[in-house]
Amino acid sequence: MQENKKIGTRKILNNKIYLYLTEFFSGMSVMAVELGASRLLAPYFSSSQIVWTIIIGTIMIAMALGNIYGGRAADKNPDPDRLYRRIILAAIWIALIPVLGKYIILGISAVVIFSVNVNYLIWAAFAACMIIFVFPLFLLGTVTPSLVKYAVNDLDDSGKTVGFLNASNTIGSIIGTFVPTFMTIPTVGVSVTFYIFAGILLVISIIYFASGRQKSVRAAVGVIVLVLACIFCSTDSFAFWEDELTFEGESVYNYLQVKEDDEAVYLSTNVLFGVQSVYVKDGSLTGLYYDYALASTMMADVNEAENLDVLILGMGTGTFATQCDNYFDNLTMEGVEIDQDITDLAVEYFHLSEDVPVYTYDGRAFLNVIDKTYDVIMVDAYQDITIPFQMSTIEFFTLVKEHLNENGVMVINMNMRGQDEGNINQYLADTVSSVFSEVYTVDCSGSTNRELFASDNPEMLDVLNKNIQLEGNENLAAMMTTVSENLEVYEAGDYLMTDDKAPVELLGMQVIDDLIADEVTYYKNIYNEDGLSGLLEAFQ
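Residues numbered from 1 in each chain as written. Predicted model: local features only at pLDDT ≥ 70, side-chain atom pairs only at ≥ 80, totals over all residues. Heavy atoms only, no water.

With that out of the way, let us pick up the packing of aromatic side chains. Following the criterion strictly, the structure yields 15 aromatic pairs and no others. Taking 6.3 Å as the distance between ring centres and 75° as the angle between the ring planes, the aromatic pair formed by Tyr-361 and Phe-366 counts as edge-to-face. Among the aromatic residues, ring-to-ring pairing joins Tyr-18, Tyr-84, Tyr-208 and Phe-209 into one connected group. The aromatic ring of Phe-436 is capped on one face by Lys-401, whose charged end is 5.9 Å from the ring centroid. (Phe/Tyr/Trp six-rings, centres within 6.5 Å; stacked < 30°, edge-to-face > 60°. Lys NZ or Arg CZ within 6 Å of the ring centre and 35° of its normal.)

Structure representation (structure tokens):
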């Protein structure tokens, strides 16, 4: 009786619709935070399946612990004020994530890099999730068992009530999955998405306390924090140390960053490393892997052909297409790019020719729906650890081959040059070799990129050298000579990837570990010899 009296002091709790709404918006907020977590982490750690696994795993841990604690707390002290105070605290924490989250991520990354020797990104991403997201979702995990305590008044309809509560949470979770992905993140960004759902949780709690005409200090603090965050931090940059970005934004698929200097314009889809596209203002060679990839047109006999059809899977902002257009006048090019926002940037900042059609599609799906064949197909869809598995398998490369003309050439940009046995590049090259009879690779100078050229034309190298001799542009001829002299016949092994088994994330993570280890060895040595002061001096 005493327990029911405590619960009944709030008349609003007698309104089960309000309890269902609390459950609904709590479930919605959990999923919104989960999706926001993926976008907050992606610019620093990628959006691979590994990162998603870490996010989902840590959030489920938080929810499970919250369920246990919430049930015990409701039995021990059924005062509903405690639940709604926890919701307010969760809202405050969520509102602070855009303000502090990126600094925490970078701080954790620095500590992890100097503390562990393997799986840097896994440990850093896991630690970031634990510190940033577990606590507020633990608090939201207490909602369901607490509401069961307040909603069940009669054992005769307890099953029905619990069913409605769970249905409310599930429906909220479903909506909370779609709204951030298709509405808030593309239109107002990740930061504002966090603020929106923090605000929703605050409103639910304020209604509760206002119903009893009771003031809540936590609710007032929450509102103040939310307002201040919206005023001062909603436009804060992921790359907060950059002060001269030409463009920064988010799409459904990517974080997008455009930089410009006197010589070129650059696109990056992450914060910490990598350039995905470049536009050289004077029309010269880029100095990057795109120059090496131009050899594919010569292998397809560009100087002898009346016209070559070129397809680019992973168009980006059109660097390869622009370079082809700069150096050849007998190419017809088409591009496929899954991210429409990147295509828009290509037109606005990267001067992609309006004569080049770009289809907003997944590369493999595009090949599945067209019958056209091409002389050159470039596969440039591999971005750091984020390698689409469906574009790395025997089935995919077979599909590419079916869309090549006789003596056609496929060129692949493999952007992580692994050295160990069984690395990602070996898997990719072995897989390609199981489909094509002629496979050559060349390492790009000054980067970790490796270009792979594949064809069924046994004379493809002779065709390349012939066209180099015919090339009238000295700079291009010199570049192609460099490619030819460094091409190596690939000796195929048995590391194959199929639609059923393509562990691209784990393989990519191994190479990332090696790259990070190489980068930080210098600074680790300084730290070991001169301590923190020496390290800080090295960064100055």
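Looking now at the packing of helix H4 (residues 80-115) against helix H6 (residues 134-141). For the pair H4 and H6, interaxial distance at closest approach is 9 Å and the crossing angle is 155°. Classified by the interaxial angle, the pair formed by H4 and H6 is roughly antiparallel. Seen from above, H4 lies across H6 with left-handed handedness. Contacts from Arg-86, Leu-89, Ala-90, Trp-93 and Ile-94 of H4 reach H6 at Phe-135, Pro-136, Leu-139 and Leu-140. In the contact of H4 with H6, the residues fall into eight nonpolar, no polar and one charged. (Axes fitted to C-alpha atoms, helices over the stretch in contact; angles between N-to-C directions. Helix = DSSP H or I, 4+ residues; strand = E, 2+ residues; numbered from the N terminus. Parallel < 35°, antiparallel > 145°, perpendicular 65-115°, else oblique. Left-handed = near helix turned anticlockwise from the far one by under 90°. Contact = heavy atoms within 4.5 Å. Nonpolar A, V, L, I, M, F, W, Y, C, P; charged D, E, K, R; others polar.)

Turning next to the sheet that holds strand E12 (residues 488-489). Read across the sheet, eight strands follow the order E7-E6-E5-E8-E9-E11-E10-E12 without closing on themselves; strand pairing throughout is mixed. The sheet is open, and its two borders are formed by strand E7 (358-359) and E12, each paired with just one other strand. Pairing of strand E9 (residues 404-414) with strand E11 (residues 450-455) involves six bridges; the strand directions are antiparallel. Its bridge partner being in E11, Met-410 is matched across the sheet by Ala-454. Its contacts with the sheet place helix H12 (residues 319-327) against strand E5 (308-313), strand E6 (331-336) and strand E8 (374-379), and it is angled at close to 175° to E6. (Pairing = 2+ DSSP bridges.)

Per the stated rule, a full pass over the model turns up eight salt bridges. Ionic pairing is found between Lys-281 and Glu-260, a salt bridge with its closest N-O pair at 2.7 Å. Linking Lys-281 in the loop between strand E4 (277-280) and helix H10 (289-293) with Glu-260 in strand E2 (residues 255-260), this pair joins segments that are 21 residues apart in sequence. On the basis of relative accessibility, which here comes to 35%, the residue Lys-281 falls in the partly exposed class. A salt bridge links Arg-450 to Asp-443; the nearest nitrogen and oxygen atoms lie 2.5 Å apart. (Salt bridge = Lys/Arg side-chain N within 4 Å of Asp/Glu carboxyl O. Buried < 20%, exposed > 50% of the residue type's maximum accessible area, 1.4 Å probe, protein only.)

With antiparallel pairing, the four strands of this open sheet are ordered in space as E1-E2-E3-E4. Every other strand in the sheet has two partners, leaving strand E1 (247-250) and E4 as the edge strands with one partner each. In this sheet, neighbouring strand axes are inclined to one another by 10° on average, regardless of whether the strands run parallel or antiparallel. Pairing analysis gives four bridges linking E1 to E2, with the strands arranged antiparallel. For Phe-247, the partnering residue across the bridge sits in E2 and is Val-258.

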